[in-house]
Amino acid sequence: MNFILIAVIVLGSIGLIAAIVLFVCSKKFAVFEDPRIAQVNELLPGANCGGCGFAGCGGMADALVKGADKGSIEGLNCPVGGADVMGKVADLLGMAIANGEPKVAVVRCNGSCALRPKIAEYAGLRTCAAMNSCGAGETACGFGCLGCGDCVAACQFDAIHMNPETGLPEVDEEKCTACGACTKACPRGIIELRKKGPKGRRVFVSCVNKDKGAVAMKACKAACIGCGKCEKTCPFGAITVGNNVAYIDFNKCRLCRKCVDVCPKKAIHTVNFPAPKPVEPAKEEKEAQA
Amino acid sequence: MKIKTFSIGGIHPEENKLTHEVPTQVAPLPKQAIFPLSQHIGAPATPVVQKGDKVKVGTMIADAGGFVSAPIFSSVSGTVAKIDTAIDATGYRKPAIMIDVEGDEWEETIDRSDKLEQVKDHPELTPEEIVKRIKAAGVVGMGGACFPTFIKLTPPPTAKAECVIINAVECEPYITADYRLMMEHADEILVGLELLMKGAKVTKGYIGIETNKPKAIELLTTKCAEVFGQSEYSVEVVPLAQRYPQGGEKQLVDAVINRQVPAPPAIPVNVGAIVQNVGTAFAVYQAVIKRKPLFERYTTVTGKRLQNPGNYLVRMGTPMQDLIDLCGGMPEGDNKLLAGGPMMGKALTSTEVPICKGTNSVTILSGDDARRKEPQPCIRCAKCVGVCPMGLEPYLLAKLSEFKNWERAEKEDIVSCIECGSCQFTCPAHRPLLDNIRQGKQTVMGIIRSRAAKK
């Protein structure tokens, strides 16, 4: 009996001391984690794509809660979740919704195989980064798409693919989340996140060639030559020509498309506009010819 | 006695020194000379002329754009046509000065006589004066890397120079410009070496030459005994076994004085050595004694299918096309044009690229030589590890770069890679090892720089 009693007392007292130590420690060294962080994290898509600028969704959730404590979550936006997710997050945190309009990746090069002839053959490692560091690539344009698909490899959402006919990447608007991974992967900064626009309609200059007009023209038939016609035509002051290339500010552009017609190189592209109505006289002429 | 060489790795590619015994010819003046503003390591030079200005041979047209930089001098006389962009050896359009050539009028300050002058004929040449003149003449390393020479002669206070090593190795296949220079201007090179030693305040000099140039070894050994036999300087010609990349600074220091340069940021002077190319020694002689700035150089124009490959004394700014025409024009079929040799040279897409301070060769590879073979899977044979002169593991570094594992790549010392290409040359599976490693090295160096900037 005695042995049992000693064992119970010894073990019981060890247990009691340990419990006291644990209790004191848990009180003294307690780390407070805002429960909202976990809740916000729950709402985020969990893709950890880094499109928001943080390493992953956890970092974003942390930043959102901290922002809410300071009174504003402006500038924080989840490109993947879009307005839906950000709306839910804002409700949870009791903040006004602060996200911008949806964006989409836009490839600003139209130098397809037909318009931009090859002048050399590249035999090295087939990545854009490697080709870019070796020289201007296989064509005479030192700014255009290299066509090795670093952007395709970077996309986690299967939203960008090479078109084998043109040799240029194409963005799938439905799948693109505007996370910006492709813009960082492109060594030439050709891909830009632009406003998706009403009904997906947008106008942009599909060229980033900074060479002077004559040089650019020689390298590619579709190159912007920086002539400035679009700049003069634009009634809203949305177009600026700098470094021999035009750029349309998507915040000022009202989609009037006047610039598209005046561009002598057809370097300004429109997306998702309805096809222009066929001109009647031309039809008649054709019939007459037939 | 065993012939010296560096201690680890190395390869011996086919030499193809087609132009070894072809005497140097003077290349004719171009119609228009092109001077890229970035011909050296460091900040690009800033133009000091404007469109329409008249310049003479030796007129400064662009001044140094920073501490690590060098001025650029006109190699022709004529009128500045424009300051625009031109394709340079990087393959991209970069700012450049174009000069339309009219006649051949030299600046009066340049001594154009062939008379050999010794350092002792010029008592005004203190070490400081020598370095000043080298800096003012825009002399940079002529072996290809184009590092401003005056900086090498003024080492940081933490290091002490003990000797000057002249790099006359020329281990790259095809190139013979340095060899011709040694055969034709040995006396001037030795005066240049004396100036370099005096400028760096050392008395010990070495000249490292590979044994495939026995005539040059013999000539320089005899001349060294004549010139330096009775002086306070001791200069030794060191014959070296043929092995690529012996012309790399670190390999040469290892081969000649058996000291190993630690990993970057250490440089050869940290182990007491200042390495200079023979071409640089010659340029130093001309700059300091003849007051002639750096505007012409020895260049080899070579290729197996070229009709008349040769060595030329070229005014900088001459388009490569002019030199190729002198050699019988571009061969038929597919060719690969390189600025430099087949191992370290840079492939170009335009023949209008001008000869710059560092263009030691214009190499044209044709047919099968110009093509790469289809890459196969790595079989872990570790040949690349065996030939790496820096003791790295190229197969691993290439994989790490491919998978963007920059942290591990940094740990595996990717920044020590000298991009000699031995691994890729030796790979039996023809894997693009160096292509991958170069990408990784650039990225890791960027990461290190941004980390340093944050501190």
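## Describing the overall build of chain A
From N to C terminus, chain A includes eleven helices and eight strands. Computed over C-alpha atoms, the radius of gyration of chain A comes to 29 Å, more than 25% over the 19 Å expected from 2.2 N^0.38 for 290 residues, which places it beyond the range of a compact globule. Each principal axis of the C-alpha atoms in chain A carries an extent, and together these give about 120 × 50 × 40 Å. By the burial criterion, 36% of the 290 residues in chain A qualify as buried. Across chain A, the fraction of contacts at a sequence separation of at least 24, relative to all contacts at a separation of at least 6, is 59%.

## Some remarks on the overall build of chain B
Helix and strand counts for chain B come out as 13 helices and 17 strands. The C-alpha atoms of chain B give a radius of gyration of 22 Å, which matches the 23 Å a tight globule of 455 residues would have. For chain B, the spread of C-alpha atoms along the principal axes amounts to about 65 × 50 × 50 Å. Taking all 455 residues of chain B together, 52% fall into the buried category. Within chain B, counting contacts between residues at least 6 apart in sequence, those at least 24 apart form 73% of the total.

## Topic: the domain arrangement of chain A
Residues and elements named next belong to chain A. Taken domain by domain, chain A consists of domain 1 (35-93) and domain 2 (103-271). Each of domain 1 and domain 2 has a C-alpha centre, and these two points are 31 Å apart. The partner domain 2 presents seven residues to the six residues of domain 1 that form the contact.

## Regarding the packing of helix 2 (residues 35-43) of chain A against helix 3 (residues 57-70) of chain A
Residues and elements named next belong to chain A. Orientation of helix 2 relative to helix 3, taken along the N-to-C sense of each, is 130°, at an axis distance of 8 Å. As judged from the angle between their axes, helix 2 and helix 3 are oblique. Relative to helix 3, helix 2 is oriented so that their crossing is right-handed. Every residue of helix 3 that contacts helix 2 at Arg-36, Ile-37, Val-40 and Asn-41 is listed here: Cys-57, Gly-58, Ala-61, Asp-62, Leu-64 and Val-65. Split into classes, the residues belonging to the contact of helix 2 with helix 3 amount to six nonpolar, two polar and two charged.

## What about the interface of chain B and chain A?
Across the contact, 14 residues belong to chain B and 13 residues belong to chain A. Residues belonging to the side of chain B that touches chain A are distributed by class as follows: three nonpolar, six polar and five charged.

## Focus on the sheet that holds strand 4 (residues 54-55) of chain B
All names here are of chain B. Sheet architecture is open: four strands sit in the order 2-8-7-4, paired in antiparallel fashion. Each of the sheet's edge strands pairs with one partner strand only, and the pair in question is strand 2 (32-36) and strand 4. As paired elements, strand 4 and strand 7 (residues 78-87) share two bridges and run antiparallel to each other. Bridge pairing in strand 7 links Lys-54 to Thr-79.

## Points about helix 10 (residues 394-402) of chain B
All names here are of chain B. What helix 10 keeps buried is the set Pro-394, Tyr-395, Leu-397, Ala-398, Leu-400 and Ser-401. Elements that come into contact with the buried residues of helix 10 comprise helix 9 (383-387), helix 11 (406-411), helix 12 (422-426) and helix 13 (433-454). Positive backbone phi, approximately 55°, marks Lys-404, located one or two places after helix 10.

## Describing unusual backbone geometry
With an omega of 0°, the peptide bond between B:Tyr244 and B:Pro245 qualifies as cis. Among the structural elements, B:Pro245 can be located in the loop between strand 11 (234-240) and helix 6 (249-257). The omega torsion across B:Pro264 and B:Pro265 is 10°, close enough to zero to call that bond cis. Tracing the sequence through the fold places B:Pro265 in the loop between helix 6 and strand 12 (273-277). A positive phi angle, near 65°, is found at A:Asn272, a position not held by glycine. Of note, A:Asn272 is situated in the loop between strand 8 (268-271) and helix 11 (280-289). Take A:Asn272: there are 12 C-beta atoms within 10 Å of it, and that puts it in the exposed class.

## Points about the domain arrangement of chain B
We note that the domain assignment places domain 1 (25-109 + 294-368), domain 2 (119-288) and domain 3 (383-454) within chain B. Centre-to-centre, using C-alpha coordinates, domain 1 of chain B lies 31 Å away from domain 3 of chain B.

## Things to note about the nonpolar core
Core analysis: the largest hydrophobic core is formed by 131 residues, its most contacted members being B:Ile134, B:Ile165 and B:Val284. Not counting residues within four places of it along the chain, the set of residues in contact with B:Ile134 comprises B:Val139, B:Thr149, B:Phe150, B:Leu153, B:Gly199, B:Val284, B:Ala287 and B:Val288.

## Examining the pairing of strand 10 (residues 204-210) of chain B
Residues and elements named next belong to chain B. Buried residues dominate strand 10, accounting for six of its seven residues. Pairing analysis gives six bridges linking strand 9 (residues 163-168) to strand 10, with the strands arranged parallel. Counterpart to Ala-168 in the pairing with strand 10 is Ile-209. Strand direction decides the pairing type here: strand 10 and strand 11, joined by seven bridges, are parallel. When the bridges of strand 11 are listed, Glu-210 appears paired with Leu-240. Note on the crossover from strand 10 through helix 5 (residues 214-228) to strand 11: the handedness is right-handed.

Rules used in this analysis
- Residues numbered from 1 in each chain as written.
- Chains lettered and ligands numbered in written order.
- Predicted model: local features only at pLDDT ≥ 70, side-chain atom pairs only at ≥ 80, totals over all residues.
- Helix = DSSP H or I, 4+ residues; strand = E, 2+ residues; numbered from the N terminus.
- Rg over C-alpha atoms; globule rule 2.2 N^0.38 Å.
- Buried ≥ 20, exposed ≤ 12 C-beta atoms within 10 Å, placed from the backbone.
- Contact = placed C-beta atoms within 7 Å.
- Domains from an automatic or database assignment.
- Axes fitted to C-alpha atoms, helices over the stretch in contact; angles between N-to-C directions.
- Parallel < 35°, antiparallel > 145°, perpendicular 65-115°, else oblique.
- Left-handed = near helix turned anticlockwise from the far one by under 90°.
- Nonpolar A, V, L, I, M, F, W, Y, C, P; charged D, E, K, R; others polar.
- Pairing = 2+ DSSP bridges.
- Core = buried A, V, L, I, M, F, W, Y, C linked by C-beta atoms within 7 Å.
- Right-handed = clockwise from strand over helix to strand, strands pointing away.

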